[in-house]
Amino acid sequence: MLLAYPFRVLVPRRAAPEAAVSAAVTLLVLAGAAGLAPTSVVIALAGGAGATLAGVRLSRLATRRSADPSPADLSSADPSHPDLAHPDSWPRAAAVLLDAAVVAAGVSAAVLPLADTGHRAAALVGSLVVAALSVAGLRRLVGRTRSPNQARLRLLIEATGPAIGLALAGWLLLPRDTLPVPARMAAALVLGGLGMAALSAFTGPYRRAAGAICRGGVLLTLVGLVLLTALPPVSAGRAALLAVPPLVLGMLLTALGAGDAVAQGEAVTAGYAVATGDAAAVGRVAPAWPRAVLPAVLLLLAGSLHLGAGRAPDRTSVLLALAAVPPLMLRELLRSGDAASPERRAAHRRRSGRAVRHRRAAQQRWLGTSEHPGTTAVGSAISDGVGSTWPPDDGATWSAFGRRSVLSGGGGPGDRTALLDALAAIGDVPVPVGALLLVDLHSADAIGPTGREDVVAEAVRRASAIIAPGDLVAGCTSAGFAVVTSAGPVVAYALGTRLLTVLTPPYQLAGSVLRVHASIGLAEVSGAGPADVLRQAELARRRAVQLGRDRVEWYDAFLEEQLVRRLDLERELPGAVARGELDLVYQPVLDLASRQPVGAEALLRWRSPVLGTVLPTELLPVAEDLDLVGELEWWVLDRACRQLADWSAGSRELWMAVNVTTRELTTPDFVQRAAAVLAAYGVSPERLVVEVAEPRVAADLSTVVARLAGLRSLGVRTALDDFRAEHASLAQLRRLPIDLLKVGPELVGARPDGQPPLIDVVVNVGERLGVEIVAEELESPAQVGGAQRAGCRYGQGFALARPATAERVEAYFEEFPSTSR
């Protein structure tokens, strides 16, 4: 786990394609620089790869639909915000325009190196086209940052001096022989302005806003195109390779930023409150040194190369250097008047906290407040923060905390503010490094309030014994505690494993022994604001609970992607039946002896115009939470019976299997409603097979038995799906009135211990009970052969026939002379 951490940090799962393209482009550039590949080929391939990936991401974004804001949100939001006018069309338009921009940039990169004559004019046209499309797209981008006019003027003043410095560096480095003086000056000024604007986007006050990332990507793309315009053609050398890194990186960041702008907007506005750019850009005050130091370093390097080549400074260089002085002086005057008061920092932290509060309700819907059955939480889940009375005075540094251990019997908004202040104290140091660990305690034994307090107090005592002198441990709202450490994330993970070691031994409480399970979520403090760190650690802690407890889980961006995906599903699923978005595909079931089709299973698909095709494994959990399972399953039964009636009209002796949940099966009127659907379409009851999953049967076995018996009294056949061949499963099999038993491929293959396959046992039991066996999910001829040799009568799976639409399945049936039951 420790070794895997750097890779998880450097290459988040959602950015894996970008990492792969970046690595390939790096290899291409190195090959071109070494003379192993033609420069034109390197530029064309690199530009094409970046444009293709970015274009695919933006094309997908163009089909996404944003959540509509409520009337209350519209009345309280800024009327000038573009998200309020056509909230669905604005993100689509932005994605389309930015998609066209990256495609134009990729085409320019692929074509320009091939045109030695007039390549600069063509590159200039391509750059203007990309710039126009990008500006139009950024103006329509959801979540783009908007600063007050005074703040914009301040940023312009601060950026002017470094921008002139970058322009001077460009003037010194651009070729003199192949570029006329006016064109060289224009290119230097444009590169200076674009470079400084990109640097401000990535390091400025809104650097964490997705809109700023997208804007920075656009600027880098334009930098690459300007370099292609200004540098000599590929036939004159390999200098044009310098344009590849900013060009490709810019296109990739443009797509990532655009996607995150919409995703973050929807996650923040789960209420559905309209998010502004300022709210999306939460975080600590931006450090000013990158925007001053990096241009100075580049200028120093350019000057050294210029003088090292034996060239003296010309008049233009001197004028540019002098032009940078007034804005630098004005910047320093403005900074000297700044008062970084404690009140200003406190207000900034309050703004940071407000930006994530709208996400709280959505996370609760996704993550839930209930825990694993059979256990009792030592306290309520940590959702509003950490309880303590230890917030330091504003302006206190991390070293002022020392080792502290505090415990609070209650919780509330003040507790959350206290933790945010502690995390912000880390961010106030020059190089913020640290981590937050949220610890939840759970027990299978029922304990009262006094026992809970004793457990938390003992847990905090144990934790305090192993933390470093500079770390802090604080009790939570009766559920556990938080540890704020100044150590790096890898060391913090090691601390988490030590916490598990000391927290899991039994607790002695009033003469009784109590066993406690711990779930720890870990998030880095550096690189995010306090409110974001708390939210990230809570998401990681929830995942630790879901994965079985007694573990430490990192936060990663995939959790955010899951949250956004869940919000999309919850938003789009209601009304899907009425909108006609549901569909059925059918997978034939074959007689293994004759290989003739005997029936088909109806499989649900949700063809969402926004989310694409959604499978039942992702669809049904959301439907259960939204109480929509009944609506979906009755639609499936109705549509399947209608299709079965069409097939029966053609004199085909086929049966149709439909899946139902035990929740719907155990409703009092299920048998009567099923009979009504069969009668409505004139379908013989024996042509319908109702399947129920075996793992959920035991929860209400007697009612399930009664409903299955009622269906069989109608003539409907019944099936038990997902049979596991365990002792309890075999015992309850004798009580269930079923006709078919469906088993998976794991029972067909040989066991690791060398024992015969379990399918032999299942077939023997089925023969004694008069139950026919269906081997499902057969994906290889070997599995088909094993199921047939074991005595399974029917088979289903990709190795026999894939799921398809009704028309394709009917055409498949036409290939067989007859079909039988």
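Look a little higher up for the structure.
Residues numbered from 1 in each chain as written. Predicted model: local features only at pLDDT ≥ 70, side-chain atom pairs only at ≥ 80, totals over all residues. Heavy atoms only, no water.

K.L.:
I keep staring at the overall build of the chain and nothing clicks. Help me out?
P.N.:
For the chain, the count of helices and strands is 30 helices and 18 strands. Out of the 821 residues belonging to the chain, those deemed buried represent 52%. For the chain, contacts bridging at least 24 residues in sequence account for 77% of all contacts bridging at least 6. (Helix = DSSP H or I, 4+ residues; strand = E, 2+ residues; numbered from the N terminus. Buried < 20%, exposed > 50% of the residue type's maximum accessible area, 1.4 Å probe, protein only. Contact = heavy atoms within 4.5 Å.)

K.L.:
Explain the nonpolar core to me, please; I cannot follow it from the model alone.
P.N.:
One recurring pattern in soluble globular proteins: nonpolar side chains tend to sit buried together. Counting residues in hydrophobic clusters, the biggest one holds 80 residues, and the most contacted among them are Tyr-586, Trp-606, Leu-711, Leu-720, Leu-736 and Leu-741. Per element, the largest residue contribution to this core is eleven residues, and it comes from helix H23 (residues 629-649). Those residues in contact with Leu-736 that sit more than four places away from it in its chain are Val-697, Leu-701, Val-704, Val-705, Leu-708 and Leu-720. Leu-53, Leu-61, Val-223 and Leu-231 belong to the second largest nonpolar core, which has 61 residues in total. (Core = buried A, V, L, I, M, F, W, Y, C linked by side-chain atoms within 4.5 Å.)

K.L.:
Whenever I open this one, unusual backbone geometry confuses me. Can you help?
P.N.:
Across residues other than glycine, the phi torsion is negative in most instances, and most of the peptide bonds are trans. With phi around 55°, Asp-550 is a residue other than glycine that occupies positive phi space. With respect to the helices and strands, Asp-550 occurs in the loop between helix H20 (530-546) and strand E9 (551-554). Positive phi outside glycine occurs at Glu-777, with the angle close to 60°. By the element assignment, Glu-777 lies in the loop between strand E17 (772-775) and helix H29 (781-790). With a relative accessible area of 46%, Glu-777 lands in the partly exposed category.

K.L.:
Help me understand the pairing of strand E11 (residues 597-608), please; the structure alone is not making it clear to me.
P.N.:
For a regular strand, side chains alternate in direction, first toward one face of the sheet and then toward the other. Extensive coverage of E11 is indicated by the burial of eleven of its twelve residues. With nine bridges joining them, strand E10 (residues 582-591) and E11 adopt antiparallel strand pairing. Paired with Leu-584 across the two strands is Leu-604, which belongs to E11. Connecting E10 to the antiparallel partner E11 that follows it, the hairpin turn spans five residues, and Arg-595 within it adopts a positive phi of roughly 60°. Bridge count between E11 and strand E12 (residues 612-614): three bridges; the pairing is antiparallel. From the neighbouring strand, Ser-608 faces E12, where its bridge partner is Gly-612. (Pairing = 2+ DSSP bridges.)

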